[in-house]
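# Reading the structure
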Amino acid sequence: MSYLHGIYVKENPTSVLSPVNTDSAIIFVVGTAPINLTANPSSAVNKPILISNFAEAQEKLGYSDNFKDYTICQLVDAAFRVYNVGPIVAVNVLDPEEHKIVSTPQLKDVTNGQVFLQEEGILLDTIVVKNSTGETTYEKGKDYTSEFDKDGFVIIKRVATGSIPANATQLSIGYNKLDPSSVTESDIIGGYSGGKYTGLENITQVYPQLGIVPGIIVIPGWSHKPTVGIAMTAKTENINGAFKCVAIKDVDCSPSGADLYTEVANWKNSNSYTDKHDIVVWPKVQIGDKKYYFSAVLAALIAYTDAQNDNVPFVSPSNKSLRISGTILEDGTEVYLDQIQANTLNAQGIITAINLSGWKVWGNNTGAYPSTTDVKDRFISVRRMFDWWGNSFIQTYFQQVDNPMNTRLIEALVDSENIRANGYKAKQQIADARIEFNLDENPQTDLLNGVIRFKQYLTPYPPAEAIVNVLEFDPNALTASLPGGEE
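Residues numbered from 1 in each chain as written. Predicted model: local features only at pLDDT ≥ 70, side-chain atom pairs only at ≥ 80, totals over all residues. Heavy atoms only, no water.

Another point: the overall build of the protein. Each helix and strand in the protein was counted, giving 13 helices and 24 strands. In summary, the protein has a C-alpha radius of gyration of 29 Å against a globular reference of 23 Å for 487 residues, an excess of more than 25%. By principal-axis analysis of the C-alpha atoms, the protein measures approximately 100 × 100 × 45 Å. The proportion of buried residues among the 487 residues of the protein is 49%. By sequence separation, contacts in the protein at least 24 residues apart represent 68% of the contacts at least 6 residues apart. (Helix = DSSP H or I, 4+ residues; strand = E, 2+ residues; numbered from the N terminus. Rg over C-alpha atoms; globule rule 2.2 N^0.38 Å. Buried < 20%, exposed > 50% of the residue type's maximum accessible area, 1.4 Å probe, protein only. Contact = heavy atoms within 4.5 Å.)

This is how it looks when you write it as structure tokens:
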């Protein structure tokens, strides 16, 4: 030890830890995308891709208004062009090696040295151009170029210095194209095999690869299929062994499902869309000529609502402006529910939309209601607050795992968490939250095994779902208002 003479200052690490800020509504979407429009289609298959804006979506996944074939595009459009909110994490399962159609070479007309292929899904690197008899194969780059136009169709252009004759009127064109119709529910659900994750199973790769925690699972175009819906619910808990989120699930609004509002509750219960992490929606929605599954638009609205409230999910999406032009059934038939009909759905744990001076989301209950009336499992905003709070706790204090189990660790965690809670309480984002360490709740056997337990009380505000004003006629006021009545 050196000889000390003078005055010195030393610093210890701050015992109160700064929390990790987490985005509360990261949307995790699984489906199909027009990846033929990307530079390398095979690189966009069965892996989580982080997308922050519409331009990135076009670059990494491709984009098309054909929402039926390319289901991820519903969410891309709703998030980035309707509500302008992000990021999202997308998993495309449409594999150009597996889900493809090999077209028979056909003669195509040449107009001003160009051939137009008005089909979606064409894979540029599979195009084969030959002369009209099929005897001569031309070389890309040397004899012709190929590119996509703004609508996702292919334009083949003759190169003036190439081998294609200037007076050619027809060329034989062959190619492969994507086949979204061959994607199955098993592809969407996915799994893990041979070190590879596919479909929905990729949710376990989001945090390890991207360092973010999904807040909402949405699979538009597929979540109304019970096998997919049940798989979604299974993935809302214990993500990476720790994290939780919610799943927004559509009800089948076709004639074989529930095309009347009176049939929705039975469909929901029969297909077990009844978990506390389920947000069940009916029917579909439209914006102009575009038709969306409700889950895609609601997910974007929830993310937008959170963003307007400091990324804290304490505000319910119910009665928030829904930027749509109508609600529809699967076949496009318009649906208009009044408040009484919408309340009937709400009473069965189903979210819908009503037109009250503009379209609004209507409903606060998770799929668990009415079987479950526990406030933390019934209300969407309360359920999401519990999930988000727990996810944030894990991320904030993970650094303390494996540190010595001493008084400093316990006091630092308790102080940090209570200071954090007080911040949210001061903003009236929660009614209260506090954490305690009680020795009598920590058996010696647990402590000897390195297990330490805290108890935290968390009280988010439930939504003011019903505001009741009782009106009563006061006859005394009438008497008092007449001449001589004041006497």
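Following the structure, the description resumes.
Turning our eyes to something else, we now look at the nonpolar core. Counting 77 residues, the largest nonpolar core has L298 and L322 as the members making the most contacts within it. Top contributing element to this core by residue count: helix α7 (residues 294-307), with nine residues. Ignoring any residue separated from it by four or fewer positions in sequence, one finds L322 in contact with Y83, F294, V297, L301, A353, W359, K360 and V361. (Core = buried A, V, L, I, M, F, W, Y, C linked by side-chain atoms within 4.5 Å.)

Read from one edge to the other, the open sheet built from three strands follows the order β5-β10-β7, with strand pairing classed as antiparallel. The sheet is open, and its two borders are formed by β5 (106-109) and β7 (128-130), each paired with just one other strand. The mean inter-strand angle of the sheet, taken between neighbouring strand axes irrespective of direction, is 35°. Where β7 meets strand β10 (residues 170-174), three bridges bridge the pair, whose relative direction is antiparallel. The partner of V128 across the bridge, within β10, is G174. (Pairing = 2+ DSSP bridges. Axes fitted to C-alpha atoms, helices over the stretch in contact; angles between N-to-C directions.)

A separate point is a nonpolar patch on the surface. Together, F473, L478 and L482 make up a nonpolar patch on the protein surface, roughly 340 Å² of accessible area in all. Its location among the elements puts L482 in the segment after α13 (475-481). (Patch = residues over 30% accessible without salt bridge, like charges linked within 9 Å, V, L, I, M, F, W, Y side chains within 5 Å. Areas by Shrake-Rupley, 256 points an atom, 1.4 Å probe, with all protein chains shown as cover. Salt bridge = Lys/Arg side-chain N within 4 Å of Asp/Glu carboxyl O.)

We now examine the pattern of salt bridges. According to the stated counting rule, one finds 21 salt bridges in the structure shown. We note a salt bridge from D278 to K249, for which the minimum N-O separation is 3.2 Å. Remark: K249 occurs in strand β15 (residues 246-250) and D278 occurs in strand β16 (residues 278-281); sequence separation between them is 29 residues. Across the pair, K249 and D278 agree in class, each one buried. Measuring nitrogen to oxygen at the nearest pair gives 3.1 Å for the salt bridge that ties D377 to K376. The structure contains a network of salt bridges with shared partners spanning D65, D77, R81 and K290.

Another aspect to go through is unusual backbone geometry. Looking along the chain, the bond that leaves G86 and enters P87 is cis, with omega of 5°. Along the polypeptide, P87 turns up in the loop between α2 (72-82) and β3 (88-92). Look at the link from W282 to P283: it is a cis peptide, with omega at -5°. Looking at where P283 falls in the secondary structure, it is placed in the loop between β16 and β17 (284-287). We note that N238 has phi near 55°; this positive angle belongs to a residue other than glycine. Within the fold, N238 resides in the loop between α5 (226-234) and β15. Of the residues examined, N238 reaches a relative accessible area of 54% and is grouped as exposed. Positive phi outside glycine occurs at D310, with the angle close to 60°.

Below, the discussion takes up the pairing of strand β22 (residues 359-362). Burial along β22 is two-sided: the residues W359 and V361 and K360 and W362 are all buried. Counted along the chain from strand β21 (residues 352-355) to the antiparallel partner β22, the turn is three residues long, and its residue S357 has a positive phi close to 55°.

This part covers the packing of aromatic side chains. Geometry of an aromatic ring pair is reported as the spacing of the ring centres plus the angle between the planes. Following the criterion strictly, the structure yields twelve aromatic pairs and no others. Measuring from centroid to centroid gives 4.9 Å for F54 and Y63, while their planes differ by 65°, and the two rings are edge-to-face. Here the two residues F54 and Y63 agree in accessibility, since each one is buried. On the basis of an interplanar angle of 55° and a centroid distance of 4.8 Å, the ring pair of F393 and Y397 is categorised as tilted. One end of the pair, F393, and the other, Y397, are both in helix α10 (residues 380-397), four residues apart, so they sit about a helical turn from each other. (Phe/Tyr/Trp six-rings, centres within 6.5 Å; stacked < 30°, edge-to-face > 60°.)

Reading across the sheet, the six strands line up as β2-β3-β1-β14-β15-β16 and stay open at both edges, with mixed pairing between neighbours. On the outer flanks of this sheet lie β2 (49-51) and β16, each paired with one strand and no other. On average, adjacent strands in this sheet sit at an angle of 25° to one another, irrespective of strand direction. Judged from the five bridges that link them, strand β1 (residues 27-31) and β3 form a sheet pairing that is parallel. Residue G31 lies in a different strand from β3, and its bridge partner there is N92. Against the sheet, α5 makes contact with β14 (216-218), β15 and β16, and its axis sits at roughly 170° relative to β15, the strand it touches most.

Let us now look at helix α4 (residues 203-210). In an α-helix, one full turn covers 3.6 residues, which means residues spaced three or four apart are oriented alike. Those residues of α4 lying buried are I203, T204, Q205 and V206. The inward-facing, buried residues of α4 contact β1, β3, β13 (196-198) and β14. Immediately beyond the C-terminal end of α4, within one or two residues, lies G211, with a positive phi of roughly 75°.

Turning our attention to the packing of α2 against α7. Taken N-terminus to C-terminus, the directions of α2 and α7 make an angle of 30°; their axes are 8 Å apart at the nearest point. Regarding α2 and α7, the two cross each other, and that crossing is right-handed. Facing α2, whose interface residues are Q74, L75, A78 and A79, α7 presents A296, V297, A299 and A300. Tallied by class, residues from the contact of α2 with α7 come to seven nonpolar, one polar and no charged. (Left-handed = near helix turned anticlockwise from the far one by under 90°. Nonpolar A, V, L, I, M, F, W, Y, C, P; charged D, E, K, R; others polar.)

Let us now look at helix α11 (residues 407-426). With 20 residues, α11 should cover 28 Å at 1.5 Å per step; its first-to-last C-alpha distance of 28 Å lies within 8% of that length. Here α11 has its buried residues at L409, I410, A412, L413, V414, S416, E417, N418, R420, A421 and Y424. In this structure, the buried side of α11 is in contact with α10, β23 (432-436) and β24 (455-459). Taken from the residues just after α11, Q428 is the one with a positive phi, measuring 60°. (Expected span 1.5 Å × (residues − 1).)

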